[in-house]
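The chain contents come next:
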Amino acid sequence: MPLHVPPAPAAALRSVLAALGSPTAVHEAHTPALRALQGPVTAELALPVHVLDRLNISDLTSGGRPPRTRLTGWRFLIRGGERYVAAADTRLTPDGWAFSHFFEGPYVAATERALRQAESLSTAYQPRLLSVPELYMLTLWLHGAVGADASAGLPAGEDLLVPLAPAPPGIAAYRPHPVSELLPVMTHRLTPATAPAPPSVAAPAA
């Protein structure tokens, strides 16, 4: 089922296009693949980037408040020819949305792969990115409220999280997990060893 991709703020897109059109911005970026491109480039597949604030296992086990997230920016994949070669992040400033930086690396291809995989699911979702800094982890967050404001909202138990590669040890990349299943696993990694261990979410043995 097609994903309901939310529209990016127009100012965010304009800032990325302006950076792409600036030889100085492209040359100074730590993106050899982007600098080496000859020909037109486009900014596509814009996704809101949310950050998951510190998890608390007592909230999850006692039915307390849901995990807190906050919007930190919008990310655009940069296409050159037939492939995505880099990404561009934007940030919200007192004057509105502004270009932040270009980057490349494994998360570019991983994001594209996870999005293509999500399109084959039988349920419609609104795609977002959810970062978990404490675990150096990035996930594709498939939000069930497809018409929701992309800048707000909390992960619901029935939402799906798809860890992007490279994922933390013991967590399978590209395998969709319900929020209610994956959050306790992530939380356990940040708590003392006395906390009860949740079920594994690693890929099954071949």
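Use the structure listed above.
So, here is what we can say about the structure in this document. As the structure is a prediction and not an experimental result, all values here were calculated from the model. (Residues numbered from 1 in each chain as written. Predicted model: local features only at pLDDT ≥ 70, side-chain atom pairs only at ≥ 80, totals over all residues. Heavy atoms only, no water.)

1. Looking at the overall build of the protein
Assigned secondary structure in the protein consists of six helices and eight strands. Helices and strands in the protein line up, N terminus first, as α-α-α-β-α-β-β-β-α-β-β-β-β-α. Looking at the protein as a whole, 41% of its 206 residues qualify as buried. Across the protein, every contact between residues at least 6 apart in sequence was considered, and the portion connecting residues at least 24 apart equals 57%. Accessible surface computed for the protein: about 10200 Å², of which carbon and sulfur atoms make up 58%. (Helix = DSSP H or I, 4+ residues; strand = E, 2+ residues; numbered from the N terminus. Buried < 20%, exposed > 50% of the residue type's maximum accessible area, 1.4 Å probe, protein only. Contact = heavy atoms within 4.5 Å. Areas by Shrake-Rupley, 256 points an atom, 1.4 Å probe, with all protein chains shown as cover.)

2. Some points on the nonpolar core
Among the nonpolar cores identified, the biggest contains 18 residues, and Val16, Leu20, Leu34, Phe76, Ile78 and Phe102 are the most heavily contacted of them. Elements with a contribution of two residues or more to this core: helix 1 (10-20), strand 1 (41-52), strand 2 (69-80), strand 3 (83-93) and strand 4 (96-103). In terms of residues, this core owes the most to one element, helix 1, which gives four residues. If we ignore the near neighbours within four places in the chain, the residues touching Leu34 are Leu20, Val26, Ile78, Val85, Ala86, Phe102 and Glu104. Ala118, Leu129, Leu140 and Tyr174 belong to the second largest nonpolar core, which has 16 residues in total. (Core = buried A, V, L, I, M, F, W, Y, C linked by side-chain atoms within 4.5 Å.)

3. Examining the pattern of salt bridges
Should their charged atoms come close, side chains of opposite charge can pair. According to the stated counting rule, one finds three salt bridges in the structure shown. Put simply, Glu44 and Arg79 hold a salt bridge, and the shortest N to O gap is 3.1 Å. Of this pair, Glu44 sits in strand 1 while Arg79 is found in strand 2, placing the two residues 35 residues apart along the sequence. In this structure, Arg75 engages Asp89 in a salt bridge whose closest nitrogen and oxygen atoms are separated by 2.7 Å. Taken together, the residues span a long stretch of sequence, with Arg75 in strand 2 and Asp89 in strand 3 at a distance of 14 residues. (Salt bridge = Lys/Arg side-chain N within 4 Å of Asp/Glu carboxyl O.)

4. Here we look at the environment of Leu142
With respect to the helices, strands and loops of the structure, Leu142 is situated in strand 6 (residues 137-143). Separated by 14 residues in the primary sequence, Leu142 and Ala156 have C-alpha atoms spaced 9.9 Å apart. Apart from residues no more than four positions distant in its own chain, Leu142 is found in contact with Leu3, Ala118, Leu121, Tyr125, Gln126, Pro127, Asp159, Leu160 and Val162.

5. A word on the sheet that holds strand 3
Taken in spatial order, the eight strands of this open sheet run 4-3-2-1-5-6-7-8, and their pairing is mixed. The open sheet has two free edges, formed respectively by strand 4 and strand 8 (177-178), since each of these has just one partner strand. As paired elements, strand 6 and strand 7 (residues 160-163) share four bridges and run antiparallel to each other. Paired with Leu142 across the bridge in strand 7 is Leu160. (Pairing = 2+ DSSP bridges.)

6. Some remarks on the layout of surface pockets
Within this model, the largest pocket holds a volume of roughly 220 Å³. Contributing to the lining of the largest pocket are Val49, Thr72, Gly73, Trp74, Arg75, Asp89, Thr90, Ser100, Phe103, Tyr107, Ser131 and Leu138. For the lining of the largest pocket, the secondary structure elements donating two or more residues are strand 2, strand 3 and strand 4. With four residues, strand 2 is the largest single contributor of residues to the lining of the largest pocket. For the lining of the largest pocket, the per-class residue count stands at five nonpolar, five polar and two charged. (1 Å grid on protein atoms, 1.4 Å probe; cavity = no way out; pocket = protein on both sides within 12 Å on 5 of 7 lines; lining within 4 Å. Points joined across faces, edges and corners; volume = space filled by probe spheres on them. Nonpolar A, V, L, I, M, F, W, Y, C, P; charged D, E, K, R; others polar.)

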